[in-house]
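Chain by chain, the residues run as shown.
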Amino acid sequence: MSGVEAKLAELGLTLPEVVPPLAAYQPAVQSGAYVYTAGQLPMVEGKLPVTGKVGAEVTAEEAKDLARICALNALAAVKSVTGDLDRIARVVKVVGFVASAADFTGQPGVVNGASELLGEVLGDKGVHARSAVGVAVLPLDAPVEVEIQVELAQ
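Residue numbers run consecutively from 1 along every chain, following the written order of its sequence. Owing to the predicted nature of the model, reporting of local features is limited to residues with pLDDT of at least 70; listing and counting of side-chain atom pairs is limited to 80 or more, with chain, interface and lining totals taken over all residues. Only heavy atoms go into the side-chain values, all of them from the structure, while hydrogens and water stay out.

Caption draft 1: Local environment of the packing of helix 2 (residues 60-82) against helix 3 (residues 107-122). It is the contact of helix 2 with helix 3, at a shortest axis distance of 7 Å, that shows an interaxial angle of 45°. Classified by the interaxial angle, the pair formed by helix 2 and helix 3 is oblique. Crossing geometry of helix 2 relative to helix 3 is assigned as right-handed. The segment helix 2 lies against helix 3, with A60, A63, K64, A67, R68, A71, L72 and L75 engaging G109, V110, V111, N112, G113, A114, E116, L117, L118, E120, V121 and L122. Looking at side-chain class alone, the contact of helix 2 with helix 3 contains 13 nonpolar, 3 polar and 4 charged residues. To obtain an axis, a line is fitted to C-alpha atoms, over the contacting stretch when the element is a helix, and the angle between two such axes runs from 0 to 180 degrees between their N-to-C directions. Here a strand is any run of E in DSSP of at least two residues, a helix any run of H or I of at least four, and the numbering for each starts at the N terminus. In this scheme, roughly parallel covers angles under 35 degrees and roughly antiparallel covers those over 145, while 65 to 115 is roughly perpendicular and the rest are oblique. The hand of a helix crossing depends on one turn: near helix anticlockwise from the far one by less than a right angle means left-handed, and clockwise means right-handed. We call two residues contacting when some pair of their heavy atoms lies within 4.5 Å. Only Asp, Glu, Lys and Arg are considered charged, only Ala, Val, Leu, Ile, Met, Phe, Trp, Tyr, Cys and Pro nonpolar, and every remaining residue, Gly among them, polar.

Caption draft 2: Structural detail: empty space enclosed by the protein. A 1.4 Å probe that fits but cannot get out identifies a cavity on a 1 Å grid over protein atoms alone, an open set with protein on both sides within 12 Å along at least five of seven lines counts as a pocket, and a residue lines either if it has an atom within 4 Å of a point. Grid points are joined across faces, edges and corners, and a volume is the space filled by probe spheres set on the points. Within this structure, the stated rule accounts for 1 cavity of 30 Å³ or more. The volume enclosed by the largest cavity comes to roughly 80 Å³. Along the walls of the largest cavity sit V19, P20, P21, L22, Y25, P27, A38, G39, Q40, L41 and M43, which together make up its complete lining. Looking at the lining of the largest cavity, its residues break down into 9 nonpolar, 2 polar and no charged.

Caption draft 3: Representation of the side chain of S115 within the structure. Its location among the elements puts S115 in helix 3. Under the relative-accessibility criterion, S115 is labelled buried at 14%. Those residues in contact with S115, other than ones at most four positions away along the chain, are H128 and R130. Here the term buried applies to any residue with accessible area under 20% of the maximum for its type, exposed to any over 50%, and partly exposed to those in between, with areas from a 1.4 Å probe on protein chains only.

Caption draft 4: Representation of the environment of I88 in the model. As for its placement among the helices and strands, I88 is situated in strand 3 (residues 88-99). The exposure class of I88 is buried, given its relative accessible area of 2%. In this structure, the C-alpha to C-alpha distance between I88 and A24, residues 64 residues apart in sequence, is 26 Å. Among all residues touching I88, those that are not within four sequence positions of it are L75, V78, L122, K125, V150, E151 and L152.

In structure tokens form, the structure reads like this:
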């Protein structure tokens with residue numbers, strides 16, 4: 001077990017299987033020293049635990065928890081191309097999309113779920129730049145979608 005996966009276990013988490021693509025793309029690709037993930041939905045055992053808009057059918061706190069799941073799924077996607085999460089030198093960028101009710105403006109707090117998980121698991125290597133964007137709808141009516149970009153140690 002890698003150091004990153006040991007840290008996940010210490011937090012009571014396990015790395016899930018990679019979420020199969022919903023369309024014509026790969027869950028993650030490596031280009032040079034970087035790995036870019038596709039947008040990861042908060043799938044758990046092949047299903048979305050909840051659907052709908054944040055600020056309407058889904059609370060901000062529920063959505064924050066879903067963003068954590070998205071980040072965990074993104075780490076699984078990174079491992080699928082690197083073979084070892086200990087190769088991560090740092091998380092460079094996180095982009096979070098939040099399916100938002102018209103008056104919901106708490107996107108940064110929701111995406112904190114992903115950012116905080118990456119920090120808990122990777123420590124200083126998990127500190128990153130980030131965007132948190134409100135959108136009208138996401139695939140499968142998911143409340144949250146997160147993609148990450150990581151740099152690998154040389």
